[in-house]
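Close look at the chain arrangement
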Amino acid sequence: MRIAIAGFMHESNTFAAAPTTLDQFHILRGEEVVSHYRPTFHEIAGYIKGADDYDFELHPLIGADATPGGPLTRATYETLVGELLDNLRTALPQIDGLLLALHGAMVAEDFPQADGETVRRVREVVGPDFPLFVTHDYHGNVPSQLVQDASVLIIYKTCPHIDQPERGLQAAELLVRTIRGEVKPVCAIAKPDVLFNIAFHNTSRGPMQTLMDAAIALEQQPGILAVSIAAGYQYADVPAMGPCIVVVADGDADLARRECDRLGQMMWDVREQLIPQIPDAATAVQMAMRSTETPVALFELGDNIGGGSAGDATIILEQLLAQKADGWVAAIYDPESVQACFQAGIGATVSLQVGGKVDAIHGPTLSITGRVRTLSDGKFEEPERRHGGRRYHDQGLTAVIEVNRDAPGKGGLLLLDSERMPPMSVHQLTSAGIVPQHQRILVVKGAVAPRAAYEPVSQRIIEVDTAGATSISIPPADYHLARKNLYEWTRRS
Ligand SMILES: [Zn+2]
């Protein structure tokens, strides 16, 4: 048995200013796909383990991904999907199935639901009966058509996403059983009319934990092969924006439909619990300064880099400076300031214009003077299982400056990097000489995903409602393609 594997993944934020272009993609070809992903905690690592566990040969087509950001340009999309399809056409006579890792929230110019378009084109190439198994991120906005074009869709069950290898392996096992004729998967999808705000995406608490427990229990029932819930991605203005439930049954379409609708009703029934109440930056900084449990991690929701925002928001930093907080650490994407620090050298005092440069919605550019403490190449490794499953990271040239540090523990440490780096690993800090456990306040630009990295080093996490491309309260009027009847929006109006 020979199985093709491929990944083409991007979470595209339609509220982000800059488009995503080909040069931002990390592209792997041929055996590189296997050697890169094997030591990671990505679902493609699960596909690869499937080859060992279920005895099939791997035929890698392509692996392409980029840091979340604005929608792909048309040329970027066509180039990458074109390479995927060309390689697939060549491989087709030798392969028995395809495992395809798509994010589920890719937007391309002209194709708002780009992953749906990709699956449509793949189906066109492989024909109606070919086993085409797709895996998605939990933040997918899944159009109903996608589960008709795919043979099976399986979605991560955790946020932070720490079960990717298991989902990849699950897809591989089910694919093998399907090819052997042991099962006949049929899919159903339900899309309840709720905006499942990212403030509630944590699968270890609240309404989503209850829903996911129900999905996991259903998956154990006879006749059911897989059950998934996507929470959706509210930062892509597309018709399918919002959560969904996908049930895969063995040959029984009515069973799939019935159970899918039952979980859909459960989700609708928790809608009153999905109204966010989260402090603003001024309040959250006060709470952190008063906290007796430290460090306190302040999660800056409006600049959720892993959700595609600018990475240079200054909204919480401005409050830390205004309220004269001590013992803080903040990371800001600012290649220009990094260059100035490298020119000045370690120990020098620098006066910088920091952050707020990518666009006009992530706070002002701040004038900051400090002493250069460390300079580094920004490369680090995360050996533990963390959100996204990535092992090797590169935040580009990195500088740390001490701000208002007139005595040990006073003022703060500002890490400046040259790439937009989602805070999925504390080694972003430790590799630059910062020990997070020794600080009082950690500013973390994310919503739920960084919990896998920051819960072990924080005593308390406070989510902070800030402006930005990943604000949790973008008004419905700013959406043009999304359905307007989503609860939270209809409740507010
Ligand atoms: Zn995600």
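Let me sum up the structure you'll find in this document. (Residues numbered from 1 in each chain as written. Predicted model: local features only at pLDDT ≥ 70, side-chain atom pairs only at ≥ 80, totals over all residues. Heavy atoms only, no water.)

For the rest of this paragraph, the subject is the pairing of strand β8 (residues 224–230). Counting buried residues along β8, seven of its seven residues qualify, which places the element largely inside the surrounding structure. Bridging between β8 and strand β9 (residues 244–250) involves six bridges; their strand directions are antiparallel. The residue of β9 that forms the bridge with Ile 224 is Ala 249. (Buried < 20%, exposed > 50% of the residue type's maximum accessible area, 1.4 Å probe, protein only. Helix = DSSP H or I, 4+ residues; strand = E, 2+ residues; numbered from the N terminus. Pairing = 2+ DSSP bridges.)

By size, the foremost hydrophobic cluster in this structure holds 119 residues, and its most contacted members are Phe 8 and Leu 99. Element by element, the count of residues in this core is highest for helix α3 (residues 74–91), at seven residues. Contacts of Leu 99, omitting those with residues within four sequence positions, involve Ile 3, Ala 4, Ile 5, Ala 6, Tyr 47, Phe 56, Phe 133, Ala 171, Ala 172 and Leu 175. Counting 31 residues, the second-largest nonpolar core is a separate cluster that includes Ala 281, Leu 317, Val 354 and Ile 441. (Core = buried A, V, L, I, M, F, W, Y, C linked by side-chain atoms within 4.5 Å. Contact = heavy atoms within 4.5 Å.)

Our next topic: the side chain of Asp 115. Its place among the elements puts Asp 115 in helix α4 (residues 114–126). Put simply, Asp 115 is tucked away with no salt bridge, and the nearest opposite charge, on Arg 121, sits 11 Å away. Separated by 2.8 Å, the side chain of Asp 115 and the backbone nitrogen of Gly 104 make a polar contact. A polar side-chain atom of Asp 115 sits 3.2 Å from the main-chain amide nitrogen of Ala 105. The residues touching Asp 115, leaving out its near neighbours within four places in the chain, are Phe 8, Leu 102, His 103, Gly 104, Ala 105, Met 106, His 136 and Leu 146. (Lys, Arg positive; Asp, Glu negative; His and termini not counted. Salt bridge = Lys/Arg side-chain N within 4 Å of Asp/Glu carboxyl O. Polar contact = N/O pair within 3.5 Å; in protein donor to acceptor, adjacent residues only side chain to side chain.)

This next bit is on the sheet that holds strand β3 (residues 57–65). A sheet is described by the order of its strands in space; here six strands give the open sequence β2-β3-β1-β4-β5-β6, paired in mixed fashion. Each of the sheet's edge strands pairs with one partner strand only, and the pair in question is β2 (26–28) and β6 (152–155). Ignoring strand direction, the axes of neighbouring strands in this sheet form an average angle of 15°. Two elements, strand β1 (residues 2–9) and strand β4 (residues 97–102), share six bridges in a ladder whose sense is parallel. By the bridge assignment, Ile 5 is partnered in β4 with Leu 99. (Axes fitted to C-alpha atoms, helices over the stretch in contact; angles between N-to-C directions.)

For the rest of this paragraph, the subject is the coordination of the zinc ion. By definition of the ideal shapes, four donors in a tetrahedron about a metal sit 109.5 degrees apart, and six donors in an octahedron sit 90 or 180 degrees apart. Bound to the zinc ion are the protein donor atoms Asp 137 (OD), Asp 137 (OD), His 139 (ND1) and His 161 (NE2), situated 2.0 to 2.7 Å from the metal. Coordination at the zinc ion is irregular, judged from the four donor atoms that bind it and the angles of 53 to 149° they form at the metal. Within one chain, the residues serving as donors to the zinc ion are arranged as D-x1-H-x21-H. In this pair, Asp 137 sits in the loop between β5 (132–136) and α5 (144–149) while His 161 sits in the loop between β6 and α6 (164–179), placing the two residues 24 residues apart along the sequence. No difference in accessibility class separates Asp 137 from His 161, as the two residues are buried. (Donors = N, O, S within 2.8 Å, 3.2 Å for Na, K, Ca; no water. Tetrahedral: all angles 85-135°; square planar, octahedral: opposite > 155°, others 65-115°.)

Assignment of secondary structure puts Thr 158 in the loop between β6 and α6. Look at Thr 158 and you get buried, because its relative accessible area is 17%. Polar contacts involving the side chain of Thr 158 include one to the main-chain amide nitrogen of Ile 162, which spans 2.9 Å. Residue contacts for Thr 158: discarding those within four places in its chain leaves Tyr 138, Asp 163 and Thr 203.

It is worth spelling out unusual backbone geometry at this point. Between Cys 159 and Pro 160 the backbone carries a cis peptide bond, its omega angle lying at 0°. Along the chain, Pro 160 turns up in the loop between β6 and α6. Look at the link from Thr 294 to Pro 295: it is a cis peptide, with omega at 0°. Position of Pro 295 relative to the elements: it lies in the loop between α9 (281–290) and β10 (296–300). The backbone of Asn 404 shows a phi angle near 55°, a positive value even though the residue is not glycine. Residue placement: Asn 404 occurs in the loop between β16 (398–403) and β17 (412–417). With a phi angle near 90°, Glu 488 is a residue other than glycine that sits in the positive phi range. With respect to the element layout, Glu 488 can be found in the loop between β19 (460–464) and α14 (489–492). A relative accessible area of 4% means that Glu 488 is categorised as buried.

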